[in-house]
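Analysis of the macromolecular model
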Amino acid sequence: MAETYKKYKNIPVTGLDLSKIKKFLNSNLPFKALLQPGLLPKGATVPEMIQQCLAAIEELLSKYQKYKELGYVKDELQLMALGQLTNNSKTIENYLIARSWKAMPEADKAKRLTKSKFMSLLNGWFTYHKDRIGWESVSRKPITMADPKNPNKIIKYYLSDNYHKPINQCFYPYDLRNHRDLGKINLSVAQSELKLLGMVDRFTNENDMVYFSPDSKDEYNAYVVISTLSNFPTTKSKTFAGVKTEFKKSINEIVTARERGKRRKREEMEEIKTEADAEREIQKRNQEIAEIRAQEAKNKELLNKIEYEIEKEEDYLDNINKIRNTR
């Protein structure tokens, strides 16, 4: 912890920087920001870190304000060293987190794989796409077909082979041996599912950016397998099951679109509310300032009257003394 203070105590800070970070933390933007690996401490949630970062910013602002009251700081743009505002390493760490957090793009606009998108892929695969494209983990009856390697030979092929064999050895109903992406991957769908499910607990927040272990190429290959298969066309489009599945898909898309619209509307209302609260606070402060100035004007007027009455009294006493002296 002490190393943090030594390393970052000379970072320049202004009052304007601190105010902008505080405004960011008090908005809904932290919940929208892309959380790159290492930005937040491992296992920390967004609400927890908002509170910790706000406490750090308030501490720094309080010290900054004291320097300002003493006349050492002339305006909000004057630079100060971070070490002048605190020697608490935890405060410095949370300030650095908040500063980096504020610079992050919105997750929805960043086109990066996040936990929410990752979970959506897995949920879509297990509840919809897996059945839609005919990928079965168990099959009782084999399919009789011509051997792809020898058209004159008839073989029996189980649909469950697609699930358990390496993806680049599958050839029914799709021949994937020469597929642009899947033809190079030696993982089965079953292995791919397990790899991806094992990654879920690695990420805490909805906007945590998903990363694949550099020590395991299979993690990324598993993602390629499931995401690629999820975009395959249906094999049941002319059956009742296929029609029902496509209908469910359409309904889900409508529901998702509605929810997305409601969420966007809520976010807009929250932003409006935040702006309205800020405007009300400004109006309140302006009114308080106006009342203070009005009271000061009244006090000044009263003081002038008192001084005038004192002068009159002094003039009266002077005249009395003059009359006495002439006698």
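For the structure given in this document, a descriptive report is provided here. (Residues numbered from 1 in each chain as written. Predicted model: local features only at pLDDT ≥ 70, side-chain atom pairs only at ≥ 80, totals over all residues. Heavy atoms only, no water.)

1. Quick word on the pairing of strand β4 (residues 150-157)
How we decide: Note: two strands are recorded as paired if DSSP finds a minimum of 2 bridges between them. Working definition: helices are DSSP H or I runs of at least four residues, strands are E runs of at least two. Numbering for both runs from the N terminus.
Of the pairings in the sheet, the one linking strand β3 (residues 143-147) to β4 comprises 5 bridges and is antiparallel in character. Within β4, the residue paired with Ala 146 across the bridge is Ile 154. Between the end of β3 and the start of β4, which pair antiparallel, lie 2 residues.

2. Some words on the packing of aromatic side chains
Here is the rule we go by: Here a Phe, Tyr or Trp ring, Trp counted by its six-membered ring, pairs with any other such ring whose centre lies within 6.5 Å, and the pair is stacked when the planes are under 30 degrees apart, edge-to-face when over 60, and tilted otherwise.
Scanning the entire structure with this criterion turns up 10 aromatic pairs. Arranged with centres 5.3 Å apart and planes meeting at 85°, the rings of Phe 203 and Tyr 211 form a pair that is edge-to-face. Where Tyr 220 meets Tyr 223, the ring centres are 6.4 Å apart and the plane angle is 40°; that geometry is what we call tilted. With Tyr 220 and Tyr 223 both in helix α10 (residues 217-230), this residue pair falls 3 residues apart, about one helical turn. Aromatic rings pair up to connect Trp 135, Tyr 174 and Phe 232 into one cluster.

3. Overview of the environment of Ser 213
What counts is decided by this rule: Only protein chains enter the accessibility calculation, which uses a 1.4 Å probe; a residue whose area is less than 20% of its type maximum is buried, one above 50% is exposed, and one in between is partly exposed. Two residues qualify as a contact provided that any one of their heavy atoms is within 4.5 Å of a heavy atom in the partner residue.
Structurally, Ser 213 can be placed in the loop between α9 (189-197) and α10. Look at Ser 213 and you get buried, because its relative accessible area is 19%. Along the primary structure Ser 213 and Met 199 are separated by 14 residues, whereas in three dimensions their C-alpha atoms are 9.4 Å apart. The residues contacting Ser 213, other than those within four sequence positions of it, are Arg 202 and Glu 219.

4. Things to note about the environment of Leu 85
On the secondary structure map, Leu 85 appears in helix α4 (residues 82-85). Counting along the chain gives 24 residues from Leu 85 to Leu 61, while the straight-line C-alpha distance between them is 8.2 Å. Sequence-distant contacts of Leu 85, that is, excluding residues within four places in its chain, are made with Val 13, Leu 18, Leu 60, Lys 63, Tyr 64, Tyr 67 and Met 80.

5. Notes on the side chain of Asp 208
Short version of the rule: Nitrogen and oxygen atoms within 3.5 Å of one another constitute a polar contact, given that in protein one can donate a hydrogen and the other can accept it, and given that sequence-neighbouring residues count only through two side-chain atoms.
Along the chain, Asp 208 falls in the loop between α9 and α10. Separated by 2.7 Å, the side chain of Asp 208 and the backbone nitrogen of Asn 205 make a polar contact. Setting aside anything within four residues of it in sequence, one finds Asp 208 in contact with Leu 35, Leu 113, Thr 114, Lys 115 and Phe 203.

6. Focus on the nonpolar core
For clarity, the threshold we go by: Within this scheme, the nonpolar core is defined by two criteria: the residues are buried Ala, Val, Leu, Ile, Met, Phe, Trp, Tyr or Cys, and they are joined through side-chain atoms within 4.5 Å.
Membership of the largest hydrophobic core comes to 32 residues, with the highest contact counts inside it found for Trp 135, Ile 167, Leu 176, Leu 182, Val 189 and Leu 229. Elements that contribute at least two residues to this core include exactly α7 (115-132), β4, α9 and α10. Broken down by element, the residue count for this core peaks at 5 residues, all from α10.

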